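Examination of the molecular architecture
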Amino acid sequence: MELKCKIQTYDWGRHGIDSTVATLAKSANSDFTLDEKKPYAELWMGTHPNGPSHMKELNIPLDKYIKENSIVLGNDVQKIFGKHLPFLFKVLSVNKALSIQAHPNKEKAEELHQQYPTIYKDANHKPELAIALTPFEALCGFRPIREIKELLEILPELRAVIGEDKVLKFMTTDEASISKALKICFHSLMTCDPGLVALQLRKLLDRLSNLDDSLRQTLHASLLERLYSDYPGDVGCFSIYFFNFITMQPGEAIYLGPNEPHAYLFGDCIECMACSDNVVRAGLTPKLKDVPTLIEMLTYSCEPVSAKRFQPYREDECTEVFRPPVSEFSVAKITIPPGRSSYNIIPRSTASILIIINGKGEISSSKVLYRGSVIFIPANEKIGMKVLCGCHPMLMFQAFVNV
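Keep in mind the model is a prediction, meaning the values are calculated, not measured. (Residues numbered from 1 in each chain as written. Predicted model: local features only at pLDDT ≥ 70, side-chain atom pairs only at ≥ 80, totals over all residues. Heavy atoms only, no water.)

Interhelical geometry of helix 9 (residues 194-208) versus helix 11 (residues 221-230) gives an angle of 135° and a closest axis separation of 11 Å. It follows that helix 9 is oblique to helix 11 by the angle criterion. Considering how the two elements wind past one another, helix 9 and helix 11 form a crossing that is left-handed. Contact residues: helix 9 offers Leu-201, Arg-202, Leu-204, Leu-205 and Leu-208, while helix 11 offers Ala-221, Leu-224, Glu-225 and Tyr-228. The residue makeup of the contact of helix 9 with helix 11, split by class, is seven nonpolar, no polar and two charged. (Axes fitted to C-alpha atoms, helices over the stretch in contact; angles between N-to-C directions. Helix = DSSP H or I, 4+ residues; strand = E, 2+ residues; numbered from the N terminus. Parallel < 35°, antiparallel > 145°, perpendicular 65-115°, else oblique. Left-handed = near helix turned anticlockwise from the far one by under 90°. Contact = heavy atoms within 4.5 Å. Nonpolar A, V, L, I, M, F, W, Y, C, P; charged D, E, K, R; others polar.)

Written as structure tokens, this is what we have:
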């Protein structure tokens with residue numbers, strides 16, 4: 001059941017052939033015309049109404065097929081989610097930062113939807129899993145307290161924006177009250193007068209240009225300069241000194257649960273999420289910012305970068321699974337090594353969507369799949385993959401419901 005999937009051309013996407021989204025679409029669809037000037041940001045695989053997938057052979061929306069043949073979801077999925085696929089599977093190609101943001105938990109999502117239905121258009125939570133396809137940069141969660149304090153000591157520009165009195169209180173607060181003091185500092189930063197933010201950013205950038213390489217690296221000078229060039233004067237530029245800066249290598253992942261501050265910065269990744277549009281933004285974006293809501297809902301849990309990497313477990317010699325603590329989705333990474341001629345994909349008790357990232361194969365129905373091909377697999381379906389080009393590893397990702 002091959003799918004034709006929606007491409008989203010958001011402004012932050014990578015352009016033309018530099019975009020994995022674009023090259024996957026070009027490889028799998030003969031009617032796709034690649035425009036080098038266009039930003040290809042996201043490939044959507046699923047039933048989300050803003051970008052639904054269609055079944056190629058039947059020429060109908062996947063959602064319509066599922067509703068008419070709900071047995072394909074699997075019994076457990078129907079019991080919990082009804083006649084709906086509860087996840088959205090994506091490929092992202094990020095050229096410049098997506099907003100400083102977080103996603104509400106279900107209770108908060110229901111509250112926001114009730115209060116502001118035109119802004120928060122559904123009542124669902126939006127946990128996310130991102131798996132790097134290329135070296136992938138992101139901000140993820142608050143840094144350890146020690147790191148934040150060290151940066152505040154050497155950044156008078158940041159102290160000026162937050163306020164010296166609030167910084168002093170943060171620096172001298174005991175461990176039991178540190179989360180509250182951090183919240184006060186972050187709130188002061190994100191609500192600072194935009195004119196003062198722009199002035200202090202400019203001062204910091206001028207100072208960074210004269211520092212030696214070691215100190216520039218400590219202060220993430222290159223990252224700050226890049227963010228500033230895309231979002232000049234934006235308070236979100238300062239947030240890099242509060243949040244962990246993480247670079248994932250291909251195959252590494254992060255899981256973003258409720259109220260976890262984050263921002264994708266650069267690179268290509270696989271992403272899976274619960275079906276929702278609930279995003280609370282506060283910086284590095286031209287979109288609507290809801291700073292009070294974000295400040296109130298964040299966790300203020302301070303952890304090192306190492307704690308943010310989400311580890312898979314191995315199912316067999318070719319498959320490892322990223323299984324987050326939510327029922328909507330899990331993602332399997334399937335790597336068939338060079339020289340191996342076939343592999344039987346592990347059957348799932350729920351419906352799944354599979355995309356080929358590298359390689360070429362033939363499935364049991366004698367259908368040839370190319371790089372970028374996307375297929376919908378009904379629950380409990382057995383799929384045998386015959387490798388047609390075995391000189392390089394064949395790489396696939398499969399999203400399924402985590403029940």
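So, next bit.
Across the sheet, three strands lie side by side as 1-6-7; this open sheet has antiparallel pairing. Unpaired on one side and paired on the other, strand 1 (3-4) and strand 7 (60-61) mark the two borders of the sheet. In this sheet, strand 7 lies alongside strand 6 (residues 54-55) in antiparallel orientation, the contact comprising two bridges. Note on strand 7: the bridge partner recorded for Met-55 is Ile-60. (Pairing = 2+ DSSP bridges.)

We now examine the domain arrangement of the protein chain. The domain boundaries assigned to the protein chain delineate domain 1 (2-140 + 247-282), domain 2 (144-241) and domain 3 (313-400). Relative placement of domain 1 and domain 2: their C-alpha centres are 31 Å apart. The interface is formed by eight residues belonging to domain 1 together with ten residues belonging to domain 2. Summed over both partners, the interface of domain 1 with domain 2 comes to about 710 Å²; 61% of that surface belongs to carbon and sulfur atoms. On the domain 1 side of the interface with domain 2, the three residues burying the most area are Lys-96, Ala-97 and Ile-100, jointly 47% of the side's total. At the junction of domain 1 with domain 2, the criterion picks out one salt bridge. Glu-137 is the salt-bridge partner of Arg-226, the closest N and O atoms lying 2.6 Å from each other. Here domain 1 and domain 2 share two residue pairs in polar contact (both at pLDDT 80 or more) between them. Breaking the side of domain 1 that touches domain 2 down by element, the ones donating at least two residues are strand 11 (136-142) and strand 14 (262-274). Residue composition of the side of domain 1 that touches domain 2, grouped by class: six nonpolar, no polar and two charged. (Domains from an automatic or database assignment. Buried area = accessible area lost by both parts, 1.4 Å probe. Salt bridge = Lys/Arg side-chain N within 4 Å of Asp/Glu carboxyl O. Polar contact = N/O pair within 3.5 Å; in protein donor to acceptor, adjacent residues only side chain to side chain.)

Right, let's get into the pairing of strand 17 (residues 319-322). Residues Thr-319 and Val-321 point to one face of strand 17 and Glu-320 and Phe-322 to the other, with burial holding for every one of them. As judged from the two bridges shared by strand 16 (residues 313-314) and strand 17, these two strands associate in the antiparallel manner. Residue pairing for strand 17: Arg-314 is matched across the bridge by Glu-320. The antiparallel pairing of strand 16 with strand 17 creates a hairpin that spans four residues between the two strands. Inspection of the sheet shows strand 17 paired to strand 18 (residues 330-336) by four bridges, in the antiparallel sense. The residue of strand 18 that forms the bridge with Phe-322 is Val-331. (Buried < 20%, exposed > 50% of the residue type's maximum accessible area, 1.4 Å probe, protein only.)

A word on the UniProt feature "active site" (unreviewed entry) in the protein chain. With numbering matched to this structure, UniProt assigns "active site" (unreviewed entry) to Arg-281. Considering the arrangement of structural elements, one finds Arg-281 in strand 15 (residues 280-283). Its relative accessible area of 18% is what places Arg-281 among the buried residues. Filtering out sequence-adjacent residues up to four positions away, Arg-281 remains in contact with Ser-99, Ile-100, Gln-101, Lys-287, Leu-288, Lys-289, Asp-290 and Val-291. (UniProt positions renumbered as here; feature names shortened; annotations may be inferred.)

Turning our attention to the packing of helix 5 (residues 145-154) against helix 7 (residues 164-172). At a minimum axis distance of 11 Å, the contact between helix 5 and helix 7 shows a crossing angle of 140°. As the angle between them shows, helix 5 and helix 7 are arranged oblique. As helix 5 runs across helix 7, the sense of the crossing is left-handed. Contact residues: Ile-145, Ile-148, Lys-149, Leu-152 and Glu-153 in helix 5; Val-167, Phe-170 and Met-171 in helix 7. Here the contact of helix 5 with helix 7 is composed, by residue class, of six nonpolar, no polar and two charged.

Our next topic: empty space enclosed by the protein. By the definition in use, this model includes one cavity of 30 Å³ or more. The computed volume of the largest cavity comes to approximately 40 Å³. Contributing to the lining of the largest cavity are Ile-345, Ile-346, Pro-347, Arg-348, Thr-350, Ser-352, Ile-377, Pro-378, Glu-381, Ile-383 and Gln-398. In the lining of the largest cavity, the residues fall into six nonpolar, three polar and two charged. (1 Å grid on protein atoms, 1.4 Å probe; cavity = no way out; pocket = protein on both sides within 12 Å on 5 of 7 lines; lining within 4 Å. Points joined across faces, edges and corners; volume = space filled by probe spheres on them.)

What follows is about the environment of Glu-128. Relative to the assigned elements, Glu-128 resides in strand 10 (residues 128-132). Taking relative accessible area as the criterion, Glu-128 reaches 2% and is therefore assigned buried. Beyond its immediate sequence surroundings of up to four residues, Glu-128 is in contact with His-103, Ile-254, Tyr-255, Leu-256, His-262, Tyr-264, Glu-271, Cys-272, Met-273 and Phe-329. Polar contacts involving the side chain of Glu-128 include one to the side chain of His-103, which spans 3.0 Å.

Attention shifts here to the pattern of salt bridges. The final tally for this structure, using the stated rule, is 28 salt bridges. We note a salt bridge from Arg-14 to Asp-268, for which the minimum N-O separation is 2.5 Å. Within this pair, whereas Arg-14 is found in strand 3 (residues 14-15), its partner Asp-268 is found in strand 14, the two being separated by 254 residues in sequence. Linking Arg-143 and Glu-147 is a salt bridge whose minimum nitrogen-to-oxygen distance equals 2.8 Å. Given a relative accessible area of 6%, Arg-143 falls into the buried group. Through salt bridges with shared partners, one network takes in Glu-2, Lys-56, Glu-57 and Lys-367.

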